[in-house]
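# Report on the structure
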Amino acid sequence: MSFYLAIISYISSVVIALVLMILGKNLGRSRFFLMAGMHSILLFGFIASLLLRAPGTPAGTFNYFFLIYFCSGVVLCGWVWRISLPLLFRIYFGLFILGFPMFLFSPSMMVNFLLTSRYTDSFGPSYQVHGNIWLETQSTIANEDSIQHYKLIRKRGFYRETLARDLSFKGKVDSVKVLDLQPGISVNIRAYSSRVTFVSTEIDSLDLDIPLVAKKRNGIDYHL
């Protein structure tokens, strides 16, 4: 749900920015300053959310303050060029235009940036399986259950071939071990997960046999 929310919010903000680039001249400076004030409140809300974040919170935790703050900046970056404003305003809001090439370069990394303020290609840790084959954290927002899912990818420079998606090890993976590898055919992985309680630390493991051939012919994604 959050994935689609971020995509829709960003694309909508770009469309509104284009509309304001055409019609913004007739809306006046007072309305702009009102919207800029609301934008600044969102910025302070984002900063406060970082300062009040509980110790030990994962770096990839979703932050919706940042999502709304950034999208509001994108909206205003279209308006700022249509009215007479100090150069400082144009420079500040002009920086939000950089989000567009970031989105074209990698939509998934842009979504990560909008949700976590981190421009990375994964929502969480990744584990090297063998060579350029990696087990990566897959966003659970695309799944109906609440269990962390993973995907197996092959890195080829800027390109990433997705070999398998929606892999579940019934918990959050701490480490992986290759039990059997048949190059170009399949790999058998044992993933370890731990659960810490007040009295003990429980370690569990699960084995999965994963094919190393993408099911779809167009399985090469650009930074996805």
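This text goes with the structure placed above it.
Described below are features of the structure shown in this document. (Residues numbered from 1 in each chain as written. Predicted model: local features only at pLDDT ≥ 70, side-chain atom pairs only at ≥ 80, totals over all residues. Heavy atoms only, no water.)

### Quick word on unusual backbone geometry
Within the chain, Ser117 stands out as a residue other than glycine whose phi angle is a positive 65°. You will see that Asp166, though not glycine, has its phi angle at about 55°, which is positive. Considering the arrangement of structural elements, one finds Asp166 in strand 4 (residues 159-168). (Helix = DSSP H or I, 4+ residues; strand = E, 2+ residues; numbered from the N terminus.)

### Observations regarding the nonpolar core
With 30 residues, the main nonpolar core has Tyr10, Phe32, Phe70, Phe93, Phe96, Met110 and Leu114 as its most contacted residues. Contributing elements (two or more residues each) for this core: helix 1 (2-23), helix 2 (29-51), helix 3 (64-79) and helix 6 (107-116). Of the residues forming this core, the biggest block, ten residues, is contributed by helix 3. Beyond its immediate chain neighbours, meaning those up to four positions away, Leu114 contacts Ala6, Tyr10, Asn63, Phe66, Leu67 and Phe70. Formed by 16 residues, the second largest nonpolar core is a distinct cluster that contains Ile133, Leu163, Phe169 and Ile210. (Core = buried A, V, L, I, M, F, W, Y, C linked by side-chain atoms within 4.5 Å. Buried < 20%, exposed > 50% of the residue type's maximum accessible area, 1.4 Å probe, protein only. Contact = heavy atoms within 4.5 Å.)

### Topic: helix 1
Across its 22 residues, helix 1 extends 31 Å between first and last C-alpha, which sits within 8% of the 32 Å expected from 1.5 Å per residue. Looking at helix 1, one finds that the buried residues are Ser2, Ala6, Ile7, Tyr10, Ser13, Val14, Ala17 and Leu20. Each buried residue of helix 1 lies within a common arc of 165° when the element is viewed along its axis, so the set occupies one face. Across helix 1 from its buried face, at more than 90 degrees, point the exposed residues Ile8 and Ile22. On the buried face of helix 1, the contacting elements are helix 3, helix 5 (99-105) and helix 6. (Expected span 1.5 Å × (residues − 1). Arc of directions from axis to C-beta.)

### Looking at the packing of aromatic side chains
One pass over the structure, following the stated rule, counts 18 aromatic pairs. Look at Phe32 and Phe33: their rings are 5.9 Å apart centre to centre, the planes differ by 75°, and that puts the pair in the edge-to-face class. Residue class for Phe33 comes out partly exposed when judged on its relative accessible area of 34%. Relative to Phe93, the ring of Phe32 lies with its centre 5.8 Å away and its plane at 75°, an arrangement referred to as edge-to-face. A residue pair is termed long-range when its members are at least 10 positions apart, and Phe32 in helix 2 and Phe93 in helix 4 (residues 87-94) qualify at 61 residues. Residue class for Phe32 comes out buried when judged on its relative accessible area of 0%. Ring pairs connect the aromatic residues Phe32, Phe33, Phe46, Phe66, Tyr69, Phe70, Trp79, Phe89, Tyr92, Phe93, Phe96 and Phe113, which therefore count as one cluster. (Phe/Tyr/Trp six-rings, centres within 6.5 Å; stacked < 30°, edge-to-face > 60°.)

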